[in-house]
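What the coordinates show
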Amino acid sequence: MGEKSGWESFFDGHAPVYEENCFTKNTLAEVDFVVETLALAPGARVLDVGCGTGRHSIELARRGFRVTGIDLSAGMLAEARRRAEAAGVTVDFRQADATRFAVDVPHDAAICLCEGAFGLLGRGDDPIEQPLSILRRIAVALAPGAPCLFTVLNGYAMARRHGYEGVAAGSFEPLGLTERSDVSPGGVPAGIPGGTELRERGFVPPELALLFRTAGLAVEAIWGGTAGDWGRRPVALDEMEIMVLARAGAGGEAALPKLYSDRADWFHLLTAPEEYREEAAFYRGLLESRSLSPPRTLLELGSGGGNNASHLKAHFDLTLVDLSPRMLAASERLNPECEHLVGDMRTVRLARLFDAVFVQDAIAHLATEEDLALAMATAFVHCRPGGVALFAPDFVRETFRPGADHGGHDGGGRGLRYLEWYWDPDPGDTTYRTELVYLMRHEDGQIEVEQDRFELGLFARADWLRLLAAAGFAPEAILHPEAGEGPGAELFLGRRPAADAAAAGAAAEEG
Ligand SMILES: C[S@@+](CC[C@H](N)C(=O)[O-])C[C@H]1O[C@@H](n2cnc3c(N)ncnc32)[C@H](O)[C@@H]1O
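So, here's what we can say about the structure. (Residues numbered from 1 in each chain as written. Predicted model: local features only at pLDDT ≥ 70, side-chain atom pairs only at ≥ 80, totals over all residues.)

We now examine the environment of H406. Looking at the element boundaries, H406 is found in strand β17 (residues 403-411). Residue classification places H406 among the exposed positions, given that 10 C-beta atoms sit within 10 Å. For H406 and Y283, which are 123 residues apart along the polypeptide, the C-alpha to C-alpha distance reads 24 Å. Once residues lying within four places of it in the same chain are set aside, the contact partners of H406 are Y418, L419 and E420. (Helix = DSSP H or I, 4+ residues; strand = E, 2+ residues; numbered from the N terminus. Buried ≥ 20, exposed ≤ 12 C-beta atoms within 10 Å, placed from the backbone. Contact = placed C-beta atoms within 7 Å.)

Structure below.
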């Protein structure tokens, strides 16, 4: 897993004595609480994020639940495996960073207790992005509607404990609501490089509600949650931890078509990067010619398997965002030099500006005007003034024609052929349907058949332009010079007004 991070080193060293900490002494009562509060059905699949020595995982497994435990620290996991064996139970323990993990099957519930990985910041970790990444990963690992329970450090208590002295001494940083951990070189367990930076993040309830919501998790309750004192009770200002009960929305990876979830590792045999060369050059030309100054940074939303990115990356610094961790993994293999982030294009917020934003056919997965408007708002808040956002849907309502397509590729000893058929069952709504059949030939010659269905968005040209303007863009419809009336014939571009132009406009309005 590359070079060890600070927390990984810390917990590797701390693992043999971790369960001597007094805050680990209530495991049985905590698991009772988890089972009851999450209403776990017999045999439910539970994800334990930052599972440590597996005390909750092992007790849940003992009670018949199927548990996946992930943790960054090989030392903690070694301890967990030893304890699971001694208890005679099986837990699927995996070494992974909670900000980057993916699971193979949707889980029925998740826990992230005693901080887990949440807010344990390593060097360079952003105090907002680190917990948000974990929430996004958990949101897509959960089945639609599945619950999750967290206990996190209480930011109120952290601020009150450190006070002005802590700020002056540099042990508490109010901007990030972080404290420097007290593992000074003197107190550092053996094996930890001196000077390793360890920071812990506190959280306050309204921010938790916002972070969870941003990641697609609906908060149902926020309670006091200090270890040893769990209960459905209000948060006390000076207690150590806060508890959050939340639920996954209808989105998440489980709601995705098979091509983007179970079958994502076949994606590049369905549609190969090479096929995107000309399209990508066309998109690049538009982005460059319509921007006020040459764009360097580009955010692609719904970047999927990274086919466009494989051509665009030679010309831009690319950040790729997709809802599906498995599609991102396919893209990461193709484009290891690009930044990859899990996120929903309707809600993701990276707190940075890009010179340009690009959304290709993934935009069709938004099937209502509300969702389309949300994606445009995402594009707007990430686009620098004077920059542009380009949307390249397959169809607009005016030029949609039912049709069929077929294709596929061979590679790596495998092969895939597909048959695609699209039509509009109800011209009165904003969707059309695509049915796909995949024939997949495995390395051993075995053939599998899989069917997939996409309900895709279909909007009139005027609606595209109206929604782009409502998001704040100066909108423009662009006809593809070569696409005729086929897929991709019409594109939409929005320019975010330059700050000086906006200021001039505001001054004019005031005058
Ligand atoms: C305080 S322990 C909590 C363990 C367990 N949940 C419990 O309640 O006893 C925090 C755990 O989070 C793990 N951790 C820290 N950062 C992590 C990351 N980025 N990804 C995964 N695990 C991480 C540590 O290795 C450690 O085992």
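With that out of the way, let us pick up the site of the ligand. G50, G52, A98, C114 and A117 are the nearest of the 21 residues found near the ligand. Elements with a contribution of two residues or more to the shell around the ligand: α1 (6-14) and α3 (55-62). Its residues assigned to classes, the shell around the ligand comprises 10 nonpolar, seven polar and four charged. (Near = placed C-beta within 6 Å. Nonpolar A, V, L, I, M, F, W, Y, C, P; charged D, E, K, R; others polar.)

This part covers the sheet that holds strand β8 (residues 178-180). Where strands meet in a sheet, backbone hydrogen bonds hold them as pairs that are either parallel or antiparallel. Strand order across the open sheet formed by four strands is β5-β9-β8-β7, with antiparallel pairing between neighbours. At either margin of the open sheet sits one strand with a lone partner, and together these are β5 (120-121) and β7 (172-173). (Pairing = 2+ DSSP bridges.)

Here we come to the pairing of strand β2 (residues 66-71). Of all six residues in β2, five are buried; the element is thus mostly enclosed. Strand direction decides the pairing type here: strand β1 (residues 45-49) and β2, joined by five bridges, are parallel. Paired with D48 across the bridge in β2 is G69. In terms of handedness, the path from β1 via α3 over to β2 forms a crossover that is right-handed. (Right-handed = clockwise from strand over helix to strand, strands pointing away.)

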